[in-house]
Amino acid sequence: MPLYRWNSEDLEVIPSVTFQTEQLQERTDLQRLLRDQPQVLEEGLLVVAEEFSNWEESGRSIDLLALDQSGRLVVIELKRTQSGDHMELQSIRYAAMVANMTQEQVIDAHRSYLQRRGIDDDPAIRIDQHLSNISGLDSMIDTVSPRIILASAGFSKELTTSALWLNSNGLDVTCIKLQLYRTGTDLLLDASQVIPLPEAADYLVRVRDKEVEERRQRPSQPEATGGGDVFRDAIEDMPEDARHMLTRLYEWAVSLEDEKLVSLETRRGPRYTTLRPTLSFANARLGIIYKSPSQGSLELSETALNRYAPKTKARIEEISSLSSRNSRTFYELPDGLLEALTDAYREANGLSPVTAPD
């Protein structure tokens, strides 16, 4: 469909152009701009990774990996061609490969992305804020059923037929046509959703969600409870090494609560359980304890340490080399780490540390 400029006398056609005639490339131009402004494709997207390729037996990469407003992973594939070049087949493969990523893996992917771009933000906090601000669900990432967004200058009949069939069978595929226009020195971009049609999208989503809910009964959000009793019960069936570590972390968190340094909250979702020692005056956490089906971990936040415990942070850096990372996940506990973190919580509460550095 042509674009028109409204003049007082008539309507003037603004000619369409192609990415090829404008010498624009997929990765260096189209992907770069949509990475920084994903709202062009859909409101509420948070880009988690670019050129994601953390596979063991494949050299393929996803153009952009994102989280949508509801916390679902979104595979985004981009093409500048008029046909789409079988991108639906690529995207299905990628969606299958990222399905059931763990919470830790999503955070690690976002950490690598931020580091490559030189962005000094904490990946776990960015994801928490994205989900909390939009859905009110802290750290709930749905990786079971990733969505797909295909953005291209055009789509072949075979591709659109495939996308419609996939949507009718429970997948979630969105096709967005990218059309360029040239007016003088200005280049204009029109991004139009063609599948599903916008006026039918809400209805189709409601029907699909109902069908999915009937087929798969599972909690849609993590259950939040005060204290650590639920977390303690959740780790009883863990493998011995993981149970030992998580028990130690649980007892450490309880000691912080006994000292009135934090309040404890447990969040239990379908795939992971977290114990969160939270500064009551700031609703912030210097660390979060994660329990996945097979292992435990402790995730530290450099952003929170910088803000609330900058003096004690130097000791933690010596123990964990945290200074070169935005955050750090520990699957084993180095000697002295929990003692240093206890003093960090004391510093955050305006108290003098009890443990002196070596």
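Residues numbered from 1 in each chain as written. Predicted model: local features only at pLDDT ≥ 70, side-chain atom pairs only at ≥ 80, totals over all residues. Heavy atoms only, no water.

**Q** I'm lost on the overall build of the protein chain in this one. Help?
**A** Check the secondary structure of the protein chain and you find eleven helices and 15 strands. Taking all 358 residues of the protein chain together, the buried fraction comes to 47%. When contacts within the protein chain are restricted to residue pairs at least 6 apart in sequence, those whose partners lie at least 24 apart make up 61%. Summed over its atoms, the accessible surface of the protein chain is roughly 18200 Å², and 47% of this surface lies on carbon and sulfur atoms. (Helix = DSSP H or I, 4+ residues; strand = E, 2+ residues; numbered from the N terminus. Buried < 20%, exposed > 50% of the residue type's maximum accessible area, 1.4 Å probe, protein only. Contact = heavy atoms within 4.5 Å. Areas by Shrake-Rupley, 256 points an atom, 1.4 Å probe, with all protein chains shown as cover.)

**Q** Please clarify how the packing of helix 8 (residues 240-258) against helix 11 (residues 337-348) should be interpreted in this entry.
**A** Packed helix pairs are characterised by how far apart their axes lie and by the angle those axes make with each other. Close contact between helix 8 and helix 11 brings their axes to 11 Å; oriented N to C, the two are set at 25°. Classified by the angle their axes make, helix 8 and helix 11 are roughly parallel. In the crossing of helix 8 with helix 11, the sense of the turn from one axis to the other is right-handed. Residue-level contacts link R248, L249, W252 and L256 of helix 8 to L338, L341, T342 and Y345 of helix 11. (Axes fitted to C-alpha atoms, helices over the stretch in contact; angles between N-to-C directions. Parallel < 35°, antiparallel > 145°, perpendicular 65-115°, else oblique. Left-handed = near helix turned anticlockwise from the far one by under 90°.)

**Q** I tried to follow helix 3 (residues 103-117) on my own but got confused; where do I start?
**A** For an α-helix, 3.6 residues make a turn, and residues three or four places apart therefore share a direction. Here helix 3 contains 15 residues, and its C-alpha end-to-end distance of 22 Å stays within 8% of the 21 Å for a straight helix at 1.5 Å per residue. Following helix 3 by one or two positions, G118 has its phi on the positive side, about 70°. (Expected span 1.5 Å × (residues − 1).)

**Q** Is there a simple way to explain the nonpolar core in this structure?
**A** General note: in soluble globular proteins, nonpolar side chains tend to be found buried as a group. Within the largest apolar cluster, 35 residues are counted, with the highest numbers of intra-cluster contacts made by L249, W252, I289 and L298. Those elements that place two or more of their residues in this core are helix 8, strand 14 (296-301), helix 9 (302-308) and helix 11. It is helix 8 that provides the largest number of residues to this core, a total of eight residues. Not counting chain neighbours up to four residues away, the residues in contact with L298 comprise M245, L249, I288, I289, R328, T329, F330, L333, L337, L338 and L341. (Core = buried A, V, L, I, M, F, W, Y, C linked by side-chain atoms within 4.5 Å.)

**Q** How should unusual backbone geometry be read in this particular structure?
**A** Peptide bonds are trans in most cases, and residues, glycine excluded, mostly fall at negative phi. Cis geometry is found at the peptide bond from I195 to P196, where omega equals -15°. Here P196 lies in the loop between strand 9 (186-195) and helix 6 (198-215). In the Ramachandran plot, E51 falls in the positive-phi region, its phi being about 55° despite a non-glycine side chain. Take E51: it is sitting in strand 4 (residues 46-52). Not every positive phi belongs to a glycine, and K260 is a case in point at roughly 60°. Relative to the helices and strands, K260 resides in the loop between helix 8 and strand 11 (263-268).

**Q** Just checking my understanding: could you explain the environment of T174 for this structure?
**A** Within the secondary structure, T174 is located in strand 8 (residues 173-183). Along the sequence, T174 and L150 sit 24 residues apart, while their C-alpha atoms lie 6.1 Å from each other. Ignoring any residue separated from it by four or fewer positions in sequence, one finds T174 in contact with R147, I148, I149, L150, Q193, I195 and P196.

**Q** What is the right way to look at the layout of surface pockets in this model?
**A** Unoccupied space between atoms shows up once a probe the size of one water molecule is rolled over them. One number sums up the size of the second largest pocket: a volume of about 490 Å³. If you trace the second largest pocket, you find 25 residues lining it, with I125, D128, N283, A284 and R285 closest to the centre. Counting only elements with at least two residues in the lining of the second largest pocket, the list comes to helix 4 (123-135), strand 11, strand 13 (287-291), strand 14 and helix 9. Ranked by residues supplied to the lining of the second largest pocket, first place goes to helix 4 with six residues. Residue composition of the lining of the second largest pocket, grouped by class: nine nonpolar, eight polar and eight charged. (1 Å grid on protein atoms, 1.4 Å probe; cavity = no way out; pocket = protein on both sides within 12 Å on 5 of 7 lines; lining within 4 Å. Points joined across faces, edges and corners; volume = space filled by probe spheres on them. Nonpolar A, V, L, I, M, F, W, Y, C, P; charged D, E, K, R; others polar.)

**Q** Any chance you could explain helix 8 here in plain terms?
**A** The first and last C-alpha atoms of helix 8 sit 27 Å apart over 19 residues, in line with the 27 Å expected at 1.5 Å per residue. Among the residues of helix 8, A242, M245, L246, L249, Y250, W252, A253 and L256 are the ones counted as buried. The arc that holds the buried residues of helix 8, viewed along the axis, is 160°, so those residues lie on one side. For helix 8, the exposed residues lying more than 90 degrees away from the buried face are E240, H244 and D258. (Arc of directions from axis to C-beta.)

**Q** Sorry, what's going on with the pattern of salt bridges here?
**A** Two side chains of opposite charge can pair, provided their charged atoms sit close to one another. One pass over the structure, following the stated rule, counts 23 salt bridges. Where R126 meets D121, a salt bridge forms, and the shortest distance between an N and an O atom there is 3.1 Å. Taking the shortest distance from any N to any O, the salt bridge between D343 and R315 comes out at 3.0 Å. Of the two residues, D343 sits in helix 11 while R315 sits in helix 10 (residues 310-320), which places them 28 residues apart along the sequence. Note on accessibility: D343 and R315 belong to one class, buried. Among the ionic contacts, a cluster of salt bridges with common partners joins E42, D68, R72, R147 and D172. (Salt bridge = Lys/Arg side-chain N within 4 Å of Asp/Glu carboxyl O.)

**Q** Could you clarify how one ought to interpret the pairing of strand 7 (residues 142-152) in this entry?
**A** Working note: regular strand, side chains alternate between the two faces of the sheet. Across the eleven residues of strand 7, nine count as buried, placing the element largely inside the fold. By the bridge criterion, seven bridges tie strand 6 (residues 72-79) to strand 7 in an arrangement that is parallel. Across the sheet, residue V74 finds its bridge partner in strand 7, namely R147. (Pairing = 2+ DSSP bridges.)

**Q** Please clarify how the pairing of strand 12 (residues 273-278) should be interpreted in this entry.
**A** Across the six residues of strand 12, six count as buried, placing the element largely inside the fold. Of the two faces of strand 12, the one lined by T273, L275 and P277 and the one lined by T274, R276 and T278 are each fully buried. Here six bridges tie strand 11 to strand 12, and the two strands are oriented antiparallel to one another. Across the sheet, residue T266 finds its bridge partner in strand 12, namely L275.

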